[in-house]
Amino acid sequence: MGDLLVWVIWVVAAMGSLGSAVAVISFSNPFYSALALIGNLASLAVMYLLLSAEFLAAAQVLVYAGAVMVMFLFVIAYIGSQADEPFSDGPGWQSIAAVVAAGALLVDVVVAIGLKAGGRLSDGADVDGFFGGPYEIGRVFLTDHLLAFEITSIVLLTAAVGGVILGSEARRTPEARR
Amino acid sequence: MRGPDVSWYIVLSAFLFTTGALGVLLRRSPLTVLLSLEIMLNSANLALIGFSRHLGETDGQIFALAVMAVAASEVVVGLGLIVALHRSNAPLDVDKLISLRG
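Source: prediction; values computed, not measured.

Draft legend 1. Structural view of the overall build of chain B. When you go through chain B residue by residue, the secondary structure sums to three helices and zero strands. The order of helices and strands in chain B, counted from the N terminus, is α-α-α. Overall, chain B is about 55 × 25 × 20 Å in size when its C-alpha atoms are taken along their principal axes. Looking at chain B residue by residue over its 102 residues, the buried ones come to 59%. Taking contacts inside chain B between residues at least 6 apart in sequence as the whole, the part at least 24 apart equals 56%. Counting only carbon and sulfur atoms, one obtains 66% of the accessible surface of chain B, whose full area is about 4,200 Å². A gap of 10 Å separates the mean positions of the 7 positive and 7 negative side-chain charges of chain B.

Have a look at this one:
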């Protein structure tokens, strides 16, 4: 019974994430695309919960669906949502090449999973209640992956400084623009 | 309570990645390209977390957190670029933005 419930939740979340992803790339107004992406991120957070990654599900909702998407919506509201008609000028050779390349990516991954990994992916490891919780994440982050933690902080600091410089008023002065 | 095994998650992740790649390749507005990039990054995160659960190791989740941090940085820089382009009255169309300092 619990198994069936997990499957039902999985199918609903999978349909939600795929449908909202298709909606993101097919809305002409970027504002609606951003709203659809919030649905995609929320569906993926449900997936993370099914994979017993509770901390990452919370981080997904807080960081992505919260902070990042609010920033997106602010910028879209600031520059005005300039509608760009998707697929307006018919299927040019670039669009056909894009669809072929994306299809090749998909077939590549599915065939690799189906052929190479066949039966070995069927039984997952057993995990305890601590798996994916804040305690376990923090322990691994501050012991085994301390370097990655520090580099992440430097990347975030650099991005913040870069955002301030890109958005600052000083770039609008004539000599800076020349 | 077993649910679907990891290959289902990987196939879903492949479909999401393909959708994001289609968005990046087909759309012209840099805002929509950034949104499609987010889909691609999140599909990679789904694969990482799926394998993390499959192997019973937390390392994949650490990597997914690092991907989230890099994605946040990328959004900050990308949106900063779009705002700077908008201020200099450049066309917001990736097919027309073909030269720097042009």
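Draft legend 2. Expanded view of the interface of chain A and chain B. Between chain A and chain B, the residue contacts involve 82 residues of the former and 71 residues of the latter. Applying the counting criterion to the chain A and chain B interface returns zero salt bridges. If you look at where chain A meets chain B, you find six residue pairs in polar contact (both at pLDDT 80 or more). Looking at the side of chain A that touches chain B, the elements that each hand over two or more residues are α1 (2–26), α2 (30–50), α3 (54–79), α4 (93–116), α5 (134–143) and α6 (146–167) of chain A.

Draft legend 3. Focus on unusual backbone geometry. Backbone geometry at Ser-52 of chain A places phi at a positive 50°, although glycine is not the residue there. You can see Ser-52 of chain A is positioned in the loop between α2 and α3.

Draft legend 4. Structural view of the nonpolar core. Judged by nonpolar contacts, the single largest core of 49 residues is most densely connected at Met-47, Tyr-48, Leu-56 and Phe-72 of chain A together with Leu-31, Leu-46 and Leu-79 of chain B. Listing elements by their share of this core, those giving two or more residues are α1, α2, α3 and α5 of chain A together with α1 (6–26), α2 (30–55) and α3 (59–87) of chain B. Residue contributions to this core peak at 11 residues, all from α3 of chain A. Once you skip the residues sitting within four places of it in the chain, Leu-56 of chain A turns out to touch Tyr-48 of chain A together with Ile-49, Gln-61, Ala-64, Leu-65 and Met-68 of chain B. Among the nonpolar cores identified, the runner-up in size contains six residues, and Leu-121 of chain A together with Val-6, Ile-10 and Ala-47 of chain B belong to it.

Draft legend 5. Quick look at the pattern of salt bridges. Residues and elements named next belong to chain A. Here the structure, examined in full by the defined rule, presents one salt bridge over all chains. Here Glu-136 ties to Arg-139 by a salt bridge, and the two come within 3.1 Å at their closest N and O atoms. Taken together, the residues Glu-136 and Arg-139, both in helix α5 and three residues apart, mark about one turn of the helix.

Draft legend 6. Region of the structure containing the packing of α3 of chain A against α3 of chain B. Between α3 of chain A and α3 of chain B, the shortest axis-to-axis distance is 11 Å and the interhelical angle comes to 5°. Taken together, α3 of chain A and α3 of chain B sit at an angle that is classed as roughly parallel. Partitioning the contact of α3 of chain A with α3 of chain B into residue classes produces 20 nonpolar, three polar and one charged.

Draft legend 7. A look at the confidence of the model for chain A. Averaged over all residues, the pLDDT of chain A equals 84, while 87% of them reach at least 70. For chain A, the element scoring lowest by mean pLDDT is helix α7 (residues 174–177) of chain A, at 50; α2 of chain A scores highest, at 93.

Draft legend 8. Inspection of the confidence of the model for chain B at higher detail. Averaged over chain B, the pLDDT score is 87; the fraction of residues at 70 or greater is 96%. Across the whole predicted complex the pTM is 0.88, and at the interface the ipTM reaches 0.90.

Draft legend 9. Representation of the packing of aromatic side chains in the model. Residues and elements named next belong to chain A. On inspection of all chains with the given rule, the structure shows six aromatic pairs over all chains. Considering the side-chain rings of Trp-7 and Trp-10, the 6.1 Å spacing of their centres and the 70° angle between planes classify their relative orientation as edge-to-face. A residue pair is termed a helical-turn pair when its members lie 3 or 4 positions apart in one helix, as Trp-7 and Trp-10 do in helix α1 at three residues. Residue Trp-7 is classed as partly exposed on the basis of its relative accessible area of 26%.

Draft legend 10. Structural view of the environment of Ile-62 of chain B. Inspection of the secondary structure puts Ile-62 of chain B in helix α3. Distance in space between the C-alpha atoms of Ile-62 of chain B and Leu-48 of chain B is 9.3 Å, their sequence separation being 14 residues. When neighbours within four sequence positions are excluded, Ile-62 of chain B is seen to be in contact with Ile-137, Val-140, Phe-141 and His-145 of chain A.

Cut-offs and rules
Residues numbered from 1 in each chain as written. Chains lettered and ligands numbered in written order. Predicted model: local features only at pLDDT ≥ 70, side-chain atom pairs only at ≥ 80, totals over all residues. Heavy atoms only, no water. Helix = DSSP H or I, 4+ residues; strand = E, 2+ residues; numbered from the N terminus. Buried < 20%, exposed > 50% of the residue type's maximum accessible area, 1.4 Å probe, protein only. Contact = heavy atoms within 4.5 Å. Areas by Shrake-Rupley, 256 points an atom, 1.4 Å probe, with all protein chains shown as cover. Lys, Arg positive; Asp, Glu negative; His and termini not counted. Charge placed at Lys NZ, Arg CZ, Asp CG, Glu CD. Salt bridge = Lys/Arg side-chain N within 4 Å of Asp/Glu carboxyl O. Polar contact = N/O pair within 3.5 Å; in protein donor to acceptor, adjacent residues only side chain to side chain. Core = buried A, V, L, I, M, F, W, Y, C linked by side-chain atoms within 4.5 Å. Axes fitted to C-alpha atoms, helices over the stretch in contact; angles between N-to-C directions. Parallel < 35°, antiparallel > 145°, perpendicular 65-115°, else oblique. Nonpolar A, V, L, I, M, F, W, Y, C, P; charged D, E, K, R; others polar. pLDDT = per-residue confidence, 0-100. Phe/Tyr/Trp six-rings, centres within 6.5 Å; stacked < 30°, edge-to-face > 60°.

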